[in-house]
Amino acid sequence: MKRILLYALGTCGLLSAGIQQSAAQLMKEKNEFTRADSLRGYLTPLRTCYDIQYYHLDVKVDIDNKYISGSNLFRFKATTDFNRLQFDLFANLKVNKVIYKGKELSFTREHNAVFVEFPTAIRKGTQDEFTVFYEGHPTEAVKAPWDGGFDWKKDSKGKPWVATACQGMGASVWWPNKDHQSDEVDSMLISIAVPKEVMNVSNGRLVKVEKMKDGYTKYHWKVSNPINNYNVAINIGDYVHFKEKYKGEKGPLDVDYYILRENDTAEKKAHLQKNANQTLEAFEHWFGPYPFYEDGYKLVETYHTGMEHQSAIAYGNHYQNGYRGGDASGTGWGHKWDFIVVHESGHEWFGNNITSADLADMWIHESFTNYSEGLFIDYFYGKEASQAYAHGIRTGIQNDSPIQGPYHVNKEGSGDMYPKGGVMLNMIRTMIDNDEKWRNILRGLNSRFYHQQVDYNDIVNYVNQQSGLDLLKVFEQYVQHTAIPTLEIKQDPSGRVLGRWISEVKGFHMPIHIGVKGQKRELIQLDQRFRPIKIAGLTKDNIDIDTFNYYVGVLVE
């Protein structure tokens, strides 16, 4: 019997190889985790005992010496009785003192964790605060934003051009905080002092500019909405500011742009404005109102390519369409818009509004935001263009390990969370086969989990319930496993065409569109047992499987 293995994907190994690879990867990761990983990733009682409500980060940046010094005020509510807690700060930065009610507290350090002792128990429900004073040479990012720390650069005129980026590595790489995504501060004041020839742009709204006696200027930025730690950003440069109002779903939205003085041209301004306005229009349609009207929306030019810093998106795509001029889909659709504006803005909804409580679920941020690129295309160029884009980005999928990482060790999953996650969501939309329902699900996610932290179950259960389809096994396969399922087709002696799924997920089942070539396809429910595909006139030779929108392997006997 001749067996033909067809692929509906860009790069993928055999199913059995994928299972072995997944198991080997998990074993490798299990053995690599350290005490430092657990201190950062695990929510021990020393971290859950207090709920952060407000930070005041007050930092001076000595650019010539690549040195920072300052303080951070922690205002919190006690969730239980305690007299000891943990906050986080990388070990290369010195904690000078911790002040509580005017007195210094004793503290110890282990790896990047700091343990503070209080003289008396702080009772559950108490509102309280302490301040950490610190200084040092922060970690320098080698290749921001892919690694974390300070990006020290100069513009073409020789003026300082500095930015922070710390997703994954964590905000404690440069400032003291409870460095875990599960506890977003409710509001924040960011006060950054910089040399007088440049300015600092951070998240939220500029509320005060203060001239310092030492020749520095301090910029005070107020964040009124909840914000996760890695989004807190410093952007220092010789910036030119211009602004406009966007007529959004919730009314006028302040849109601000901070670009280098050397790029202050009508053409470059128009490029940013066009892309920002189109992005807001498309995403408010698909996802609901921009989540941070109170803090505004702004693009801030950086040397590094880009980052989704809430209400202060880092932009470094050189005023061009595509991603650094390229199109990962190979379809041409990616050349019609500025990738960094679209992708990083998409994170305002998925990543900043809806934030994963553990880094393991960063796939929620990146899968939905990768998919937002296709929805931007859909809004302006149509559904077929969007589907072509989703199909095209498959070439970037490696299927090297699951897109969900292990919990409690500050570890994200495979980089496949971008293209594979986006392809999965396009596939789910195809299964639902009702675009208005799909749009309502996306908007519903942003409404139901508005300014909240979520996990795998929150997202999966919501989509499952609202879709009317049983998608639990679909998510399990594509998020928690390495390989993709294979659809096996055969024809029995009576002429019936049978189909089943091959998958390592126990009880796996998934609908897929199948038809006779040249005719309309039907949504067929299949599981791991061979079942007849009841379509009139169907044979294994004329079967037409939607492998354009479904990311699966196909095996025809």
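As shown above, the structure is provided for reference.
Keep in mind that this is a model prediction, so the values were computed, not measured. (Residues numbered from 1 in each chain as written. Predicted model: local features only at pLDDT ≥ 70, side-chain atom pairs only at ≥ 80, totals over all residues. Heavy atoms only, no water.)

### A short note on the overall build of the chain
From N to C terminus, the chain includes 11 helices and 30 strands. Over its C-alpha atoms the chain spans a radius of gyration of 25 Å, differing by no more than 12% from the 24 Å that the globule rule assigns to 557 residues. A principal-axis box enclosing the C-alpha atoms of the chain has dimensions of 90 × 55 × 40 Å. Of all 557 residues assigned to the chain, the portion counted as buried reaches 58%. Within the chain, contacts between residues at least 6 apart in sequence are counted, and of these 70% link residues at least 24 apart. (Helix = DSSP H or I, 4+ residues; strand = E, 2+ residues; numbered from the N terminus. Rg over C-alpha atoms; globule rule 2.2 N^0.38 Å. Buried < 20%, exposed > 50% of the residue type's maximum accessible area, 1.4 Å probe, protein only. Contact = heavy atoms within 4.5 Å.)

### A closer look at the sheet that holds strand β27 (residues 522-526)
The 3 strands lie next to each other as β27-β26-β29, forming an open sheet whose pairing is antiparallel. Only two strands of the sheet have a single partner each, and these edge strands are β27 and β29 (543-545). Each strand axis lies, on average, 45° off the axis of its neighbour in the sheet, ignoring direction. Where strand β26 (residues 510-516) lies against β29, 3 bridges are found, and the strand directions are antiparallel. From the neighbouring strand, Val516 faces β29, where its bridge partner is Ile543. (Pairing = 2+ DSSP bridges. Axes fitted to C-alpha atoms, helices over the stretch in contact; angles between N-to-C directions.)

### Brief notes about the sheet that holds strand β20 (residues 306-307)
Spatially, β17-β18-β19-β21-β20 is the arrangement adopted by the 5 strands of the open sheet, whose pairing is mixed. Two strands bound the open sheet, and with one partner strand each, they are β17 (239-248) and β20. Here helix α4 (residues 266-287) sits on the sheet in contact with β17, β18 (251-260), β19 (297-301) and β21 (313-315), set at roughly 30° to β17. Here helix α5 (residues 339-346) sits on the sheet in contact with β19, β20 and β21, set at roughly 160° to β21.

### Describing α4
Helix length check: α4, at 22 residues, gives a terminal C-alpha distance of 31 Å against a target of 32 Å (1.5 Å per residue), a fit within 8%. Those residues of α4 not exposed but buried are His271, Leu272, Asn275, Ala276, Thr279, Leu280, Ala282, Phe283, Glu284, Trp286 and Phe287. Gly288 occupies a position one or two residues after α4 and carries a positive phi of about 100°. (Expected span 1.5 Å × (residues − 1).)

### Structural notes on the pairing of strand β14 (residues 205-211)
Where β14 lies against strand β15 (residues 216-223), 6 bridges are found, and the strand directions are antiparallel. Each residue of the ladder has a partner; that of Lys211, found in β15, is Thr217. Connecting β14 to the antiparallel partner β15 that follows it, the hairpin turn spans 4 residues, and Gly215 within it adopts a positive phi of roughly 90°.

### Looking at the packing of helix α8 (residues 419-432) against helix α9 (residues 435-448)
Between α8 and α9, whose axes approach to 8 Å, the crossing angle comes to 130°. The orientation of α8 with respect to α9, classified from their angle, is oblique. As for how α8 packs across α9, the hand of that crossing is right-handed. Contact residues: α8 offers Leu425, Ile428, Arg429 and Ile432, while α9 offers Asp435, Lys437, Trp438 and Ile441. Taken together, the residues of the contact of α8 with α9 break down into 5 nonpolar, no polar and 3 charged. (Parallel < 35°, antiparallel > 145°, perpendicular 65-115°, else oblique. Left-handed = near helix turned anticlockwise from the far one by under 90°. Nonpolar A, V, L, I, M, F, W, Y, C, P; charged D, E, K, R; others polar.)

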